[in-house]
Amino acid sequence: MTIGIHGGDIYNYQKGILDFSSNINPLGYPSALKEKIYQRFDEVLVYPDLAYRSLKDKVATYLKVEKDQVFLGNGSVEILDLVISNFKRMLIVDPSFSEYRLRAKVHQLDLVAVNLGQDFKIDLDLLKATVKEGDLLVLTNPHNPSGTSLSKEELLEIYVDIVEKDAYLLLDEAFFEFADLDYDSIELFRGLGFSNVGIIRAATKFFGLPGIRLGYGVFDLNMIELLERKELPWSINSFANIAADYIFDKDFIKESQDYIFKERERFFCELKKVRGIRVFKSNANYFLLEILDKSEKEIFDQLLARNILVRRCSNYKNLKGTFIRIAIKTESDNEIFLKGIKEIMEE
């Protein structure tokens with residue numbers, strides 16, 4: 001079977017499969033949302049506000065930025081695509097999210113990839129030596145698929161180089177709320193007016209809403225103007241518009257983070273005990289596993305036989321066929337995975 005370019009492709013498999021390939025909040029979406037959508041369902045009878053004024057207000061309040069610095073998209077991928085379309089040369093680090101490469105190809109950009117070092121660390125000297133004037137540098141933070149995150153010092157060092165060369169830094173922070181960081185990139189760059197930097201986040205992962213397709217980004221006014229010239233009208237649907245009134249709930253955010261931070265550490269410690277795999281420390285809601293004694297396909301097939309779906313990683317650049325990525329799910333689901341992988345590795 002062809003390896004999917006994204007996780008969450010459950011439609012090729014039997015119903016009821018335990019999906020570890022899709023890294024969505026294991027607590028789901030905020031509980032109030034379902035009832036509120038029912039109550040406001042008749043909003044589908046009218047077009048959404050073309051300017052998304054209320055939606056932008058909610059997102060701006062959550063992100064603590066000005067309303068005119070917010071740009072919305074049909075998921076973060078739409079915003080990513082629009083940003084990329086404004087450049088001629090793009091830099092990424094490998095391995096990385098496949099859509100960066102695909103979007104660069106669609107818009108016929110020159111693409112340059114810098115290989116990550118040991119334990120998926122960025123070689124800052126190599127990266128800075130590669131950036132040229134006018135480039136777009138796209139970084140995922142935390143990184144996908146390893147889950148590593150940039151320190152504040154690393155991020156600021158990269159940004160200073162970007163500004164000096166009049167290039168542009170795009171931070172894809174789809175997993176931001178899962179990360180235990182001592183900084184918020186939006187706070188770091190707010191005082192600078194987001195000059196030469198854009199930050200993309202989404203309701204998809206942390207707020208458990210992949211099906212609603214709500215992405216949001218923070219940019220300076222120059223980039224906002226470029227994006228607005230190319231955006232399609234009504235790309236945000238009524239349900240996404242409703243969702244923003246309820247999902248940015250402080251109690252839900254705290255409950256989710258408390259769970260993820262605790263379960264991530266527990267799960268990591270248990271995975272380290274499994275013979276024949278190497279687990280990479282993660283600051284996201286997933287783990288990258290290197291299989292030392294078997295192939296990725298063997299592990300995938302044997303887990304699938306146990307009704308467990310994982311993300312194969314051999315279609316990521318620089319990941320040979322011995323890596324899988326798994327989500328952090330409920331403790332009981334994680335125990336099912338641990339039982340399955342132990343049985344397979346001990347055979």
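Here is what the cut-offs are and how they apply
- Residues numbered from 1 in each chain as written.
- Predicted model: local features only at pLDDT ≥ 70, side-chain atom pairs only at ≥ 80, totals over all residues.
- Heavy atoms only, no water.
- Axes fitted to C-alpha atoms, helices over the stretch in contact; angles between N-to-C directions.
- Helix = DSSP H or I, 4+ residues; strand = E, 2+ residues; numbered from the N terminus.
- Parallel < 35°, antiparallel > 145°, perpendicular 65-115°, else oblique.
- Left-handed = near helix turned anticlockwise from the far one by under 90°.
- Contact = heavy atoms within 4.5 Å.
- Nonpolar A, V, L, I, M, F, W, Y, C, P; charged D, E, K, R; others polar.
- Core = buried A, V, L, I, M, F, W, Y, C linked by side-chain atoms within 4.5 Å.
- Buried < 20%, exposed > 50% of the residue type's maximum accessible area, 1.4 Å probe, protein only.
- Salt bridge = Lys/Arg side-chain N within 4 Å of Asp/Glu carboxyl O.
- 1 Å grid on protein atoms, 1.4 Å probe; cavity = no way out; pocket = protein on both sides within 12 Å on 5 of 7 lines; lining within 4 Å.
- Points joined across faces, edges and corners; volume = space filled by probe spheres on them.
- Pairing = 2+ DSSP bridges.
- Right-handed = clockwise from strand over helix to strand, strands pointing away.

## Thoughts on the packing of helix α11 (residues 296-305) against helix α12 (residues 331-346)
Next up, step 1: α12 packs onto α11 with a crossing angle of 125 degrees between their chain directions and a minimal axis gap of 10 Å. Taken together, the axes of α11 and α12 are oblique relative to one another. When the axes of α11 and α12 are compared, the crossing they make is right-handed. Residues Ile-299, Gln-302 and Leu-303 of α11 form the contact with α12, whose own contacting residues are Phe-337, Gly-340, Ile-341, Ile-344 and Met-345.
Next up, step 2: When its residues are assigned to classes, the contact of α11 with α12 shows 6 nonpolar, 2 polar and no charged.

## Quick notes on the nonpolar core
Next up, step 1: Core analysis: the biggest nonpolar cluster contains 91 residues, and Phe-207, Leu-271, Ile-326 and Phe-337 have the highest contact counts within it.
Next up, step 2: Here this core takes 6 residues from helix α10 (residues 250-272), the largest share from any one element.
Next up, step 3: Phe-337 has contacts with Phe-20, Phe-267, Leu-271, Leu-289, Leu-303, Ile-308, Val-310 and Ile-326, leaving out every residue within four places of it along the chain.
Next up, step 4: Formed by 22 residues, the second largest nonpolar core is a distinct cluster that contains Met-90, Ile-92, Ala-104 and Leu-136.

## Quick notes on the pattern of salt bridges
Next up, step 1: Across all of its chains, the model carries 27 salt bridges by this definition.
Next up, step 2: Lys-58 is the partner of Asp-245 in a salt bridge, and the nearest nitrogen-oxygen pair spans 4.0 Å. Of the two residues, Asp-245 is situated in the loop between α9 (238-243) and α10 and Lys-58 in helix α2 (residues 53-63); the sequence distance between them amounts to 187 residues.
Next up, step 3: Two residues, Lys-273 and Glu-270, come together in a salt bridge whose shortest N-O distance is 3.1 Å.
Next up, step 4: The network of salt bridges with common partners includes Arg-40, Glu-43, Lys-58 and Asp-245.

## Considering empty space enclosed by the protein
Next up, step 1: One pass over the structure, following the stated rule, counts 1 cavity of 30 Å³ or more.
Next up, step 2: In this model, the largest cavity occupies a volume close to 130 Å³.
Next up, step 3: Along the walls of the largest cavity sit 13 residues, with Phe-120, Ile-122, His-143, Thr-148 and Leu-150 positioned nearest its centre.
Next up, step 4: By residue class, the composition of the lining of the largest cavity is 6 nonpolar, 5 polar and 2 charged.

## Observations concerning the pairing of strand β4 (residues 110-115)
Next up, step 1: Here strand β3 (residues 89-94) pairs with β4 via 6 bridges, running parallel. Within β4, the residue paired with Met-90 across the bridge is Leu-111.
Next up, step 2: As a crossover connection, the stretch from β3 through helix α4 (residues 98-106) into β4 is right-handed.

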